[in-house]
Amino acid sequence: DAGITQSPRHKVTETGTPVTLRCHQTENHRYMYWYRQDPGHGLRLIHYSYGVKDTDKGEVSDGYSVSRSKTEDFLLTLESATSSQTSVYFCAINEGRGSQETQYFGPGTRLLVL
Amino acid sequence: DAKTTQPNSMESNEEEPVHLPCNHSTISGTDYIHWYRQLPSQGPEYVIHGLTSNVNNRMASLAIAEDRKSSTLILHRATLRDAAVYYCILASGSARQLTFGSGTQLTVLP
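Residues numbered from 1 in each chain as written. Chains lettered and ligands numbered in written order. Predicted model: local features only at pLDDT ≥ 70, side-chain atom pairs only at ≥ 80, totals over all residues. Heavy atoms only, no water.

Caption draft 1: Expanded view of the overall build of chain B. Counting its regular elements, chain B contains zero helices and nine strands. Shown N-terminal to C-terminal, the secondary structure of chain B runs as helices and strands in the order β-β-β-β-β-β-β-β-β. With the C-alpha coordinates aligned to their principal axes, the bounding extent of chain B is approximately 40 × 30 × 25 Å. Residues classed as buried in chain B amount to 46% of the 110 residues present. Look at the contacts in chain B between residues 6 or more apart in sequence, and 57% of them connect residues 24 or more apart. Counting every atom, chain B has about 5500 Å² of accessible surface; 45% of that belongs to carbon and sulfur. Measuring between centres, the 8 positive side-chain charges of chain B sit 7 Å from its 10 negative side-chain charges. (Helix = DSSP H or I, 4+ residues; strand = E, 2+ residues; numbered from the N terminus. Buried < 20%, exposed > 50% of the residue type's maximum accessible area, 1.4 Å probe, protein only. Contact = heavy atoms within 4.5 Å. Areas by Shrake-Rupley, 256 points an atom, 1.4 Å probe, with all protein chains shown as cover. Lys, Arg positive; Asp, Glu negative; His and termini not counted. Charge placed at Lys NZ, Arg CZ, Asp CG, Glu CD.)

See the structure below:
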């Protein structure tokens, strides 16, 4: 499972409150990703990181920020949660090199914004 | 990123082979064809990938058309645990910033 954990695994929060999701990896992978998945849809990239303090936006980054102050942790923050951010959030890392790189995904965090 | 087209759903009988098709007519020369699957309530997992030649691993085989505009994921003997959504994804060079479509929901009938 490439040593990826996500916390919390489930969270219920109220509209307007800040929420932080954590992705933790134990194998020193450089690239880390946050995706969201809504019912009946594939995953969409929110933000990604290519090293400590190096991050960039993905397809659906509005309303989200990220931080990576150490290699093993990639944090996703919803600054002011909205009901449209109710979703399942997956973290991923890249494993392998060059053309043999593949992504490994964490177990997901289910977030409900009321 | 180049797009892929997959059927929304397919059914298979247990212990029979399954051929999952994917069309990618706008594939570029550096795009690798990746397949991931997502079991219920889990994150996606890598299945297989290739560039031009057919590929085999312990999970599946990948057959790539000579013109690379289509490919087929082959599960040689479907089990109930293979029921999942299968995603065909093009990735240029390294597998970064993957773009997931809606995938194919595979149902395996006992």
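Caption draft 2: Local environment of the packing of aromatic side chains. Residue and element names in this part refer to chain A. A full pass over the atoms with the stated rule returns 12 aromatic pairs over all chains. Consider the rings of Tyr-48 and Tyr-50, whose centres lie 6.3 Å apart with planes at 45°: the pair is tilted. Given the relative accessible area of 10%, Tyr-48 is considered buried. Given a relative accessible area of 28%, Tyr-50 falls into the partly exposed group. (Phe/Tyr/Trp six-rings, centres within 6.5 Å; stacked < 30°, edge-to-face > 60°.)

Caption draft 3: Summary view of the state of the cysteines. Residue and element names in this part refer to chain A. Applying the stated criterion across every chain yields a total of two disulfides over all chains. One disulfide in the model links Cys-23 with Cys-91; its S-S distance is 1.8 Å. Residues Cys-23 and Cys-91 are joined through a disulfide that is left-handed, its torsion about the S-S bond being -70°. A residue pair is termed long-range when its members are at least 10 positions apart, and Cys-23 in strand 3 (residues 19-25) and Cys-91 in strand 9 (residues 87-95) qualify at 68 residues. As far as burial versus exposure is concerned, Cys-23 and Cys-91 are alike and both buried. (Disulfide = S-S within 2.5 Å.)

Caption draft 4: Region of the structure containing the nonpolar core. Of all hydrophobic cores here, the largest spans 21 residues; its most connected members are Leu-20, Ile-33, Trp-35, Leu-73, Leu-75, Tyr-86 and Leu-106 of chain B. Broken down by element, the residue count for this core peaks at four residues, all from strand 8 (residues 84-92) of chain B. (Core = buried A, V, L, I, M, F, W, Y, C linked by side-chain atoms within 4.5 Å.)

Caption draft 5: Representation of the interface of chain A and chain B within the structure. Across the contact, 21 residues belong to chain A and 20 residues belong to chain B. Summed over both partners, the interface of chain A with chain B comes to about 1600 Å²; 50% of that surface belongs to carbon and sulfur atoms. As a salt-bridge pair, Glu-101 of chain A and Arg-96 of chain B come within 2.9 Å of each other at their nearest N and O atoms. Counting across the interface, chain A meets chain B through nine residue pairs in polar contact (both at pLDDT 80 or more). In terms of residue class, the side of chain A that touches chain B is built from nine nonpolar, 10 polar and two charged. (Buried area = accessible area lost by both parts, 1.4 Å probe. Salt bridge = Lys/Arg side-chain N within 4 Å of Asp/Glu carboxyl O. Polar contact = N/O pair within 3.5 Å; in protein donor to acceptor, adjacent residues only side chain to side chain. Nonpolar A, V, L, I, M, F, W, Y, C, P; charged D, E, K, R; others polar.)

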